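So you can see what is in the structure, the chains are spelled out below.
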Amino acid sequence: MNTQRILAHFHESAELKIQAASALAQPISQAIELMFFALSNGNKILACGNGGSAADCQHFAAELVGRFERERFPLPAMSLTTDTSIMTAVGNDYSYREIFSKQVQAFGQAGDVLLAISTSGNSANVIAAVEAALEREMRVVALTGKDGGALGKLLTDADVHICVPHTRTARIQEVHLVTIHCICDGIDVALFGGDVNE
Ligand SMILES: O=C(CO)[C@@H](O)[C@H](O)[C@H](O)[C@H](O)COP(=O)(O)O
Ligand SMILES: [Zn+2]
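Keep in mind it's a predicted model, so treat the numbers as computed, not measured.

**Things to note about the pairing of strand E1 (residues 45-48)**
So, step 1. Residues of E1 alternate between two faces, with Ile45 and Ala47 on one and Leu46 and Cys48 on the opposite face, all of them buried.
So, step 2. Relative to strand E2 (residues 77-79), E1 runs parallel, the two sharing three bridges. By the bridge assignment, Ile45 is partnered in E2 with Ala77.
So, step 3. Crossover E1 to E2 through helix H2 (residues 52-65) is right-handed.
So, step 4. Where E1 and strand E3 (residues 113-117) come together, four bridges link them in parallel fashion.

Written as C-alpha cells, this is what we have:
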C-alpha cells in the first residue's frame, strides 16, 4: 500500500493535537479539579460511551483503579460499558437508549462525576446517562467533538465540556485519549505534587 495515506493520518493527528492543546487546556484543567474534588470527598467517577469511546471509558477506569504512572491507592472509577448482562437485559427489556442511564440511576450519587464520551455528542444512550446524572446532582465531564451535539447543550455551568475542534471521529478519539491521560496525570499531581516528567 502507498504509505502516503499512513503519513497523512499521522500528520493530521499530530497537527490536531498541537492545534487543540491551547483550546482544551483550560477545560481539561477544570475537569481535573472537578474530579479531584469529587474523589477527595469520597465520591466516585462513572464513565460511559459507545464503540471506541467505550474502550476509552475502560482505559480511564483501569488507570484510576489500578494506576497511571505512579504507585498509589486505588481510586473509585467504574466504566458502565462492561457488564454484558446488565446491558443486554436493559437493552432487550427497555431500550438501548437506557443501557447507561439505568446504571447511573443504580450507582450514581450526588457529588459523583459522570465522564460522558461521545465524538458526535448525539448518542442517545450517552445523552440519557447525562440527563440521569444531572437529575441526581452529579457533575458531568463531557468529551465530545464536532459541535458538541445535543449533549453539549444539556450541560450546566457546573459541568465541563471538552469539545475537540474537528469533524473526523478517529481524530476526535485520538485527542480524547491524550485528554484522558492529562486527567490521570492531573489527578496524580493533585494528590502527590509535581512528577517525574516535569
Ligand atoms: O471507534 C469508532 C470509530 O473510530 C467507532 O467504534 C465509534 O466509536 C462508534 O461508531 C460509536 O458508536 C460512535 O458514537 P459517538 O462517538 O458519536 O457517540
Ligand atoms: Zn475508533
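Resuming the write-up.
**With respect to the environment of Ala133**
So, step 1. Relative to the helices and strands, Ala133 resides in helix H5 (residues 124-135).
So, step 2. Here Ala133 falls in the buried class, since its relative accessible area comes to 0%.
So, step 3. On a C-alpha basis, the gap between Ala133 and Asp112 in space is 8.5 Å, while along the polypeptide they are 21 residues apart.
So, step 4. Discounting chain neighbours no more than four positions away, the residues touching Ala133 are Val104, Leu114, Met138 and Val140.

Reading the values: rules and limits
- Residues numbered from 1 in each chain as written.
- Chains lettered and ligands numbered in written order.
- Predicted model: local features only at pLDDT ≥ 70, side-chain atom pairs only at ≥ 80, totals over all residues.
- Heavy atoms only, no water.
- Buried < 20%, exposed > 50% of the residue type's maximum accessible area, 1.4 Å probe, protein only.
- Helix = DSSP H or I, 4+ residues; strand = E, 2+ residues; numbered from the N terminus.
- Pairing = 2+ DSSP bridges.
- Right-handed = clockwise from strand over helix to strand, strands pointing away.
- Contact = heavy atoms within 4.5 Å.

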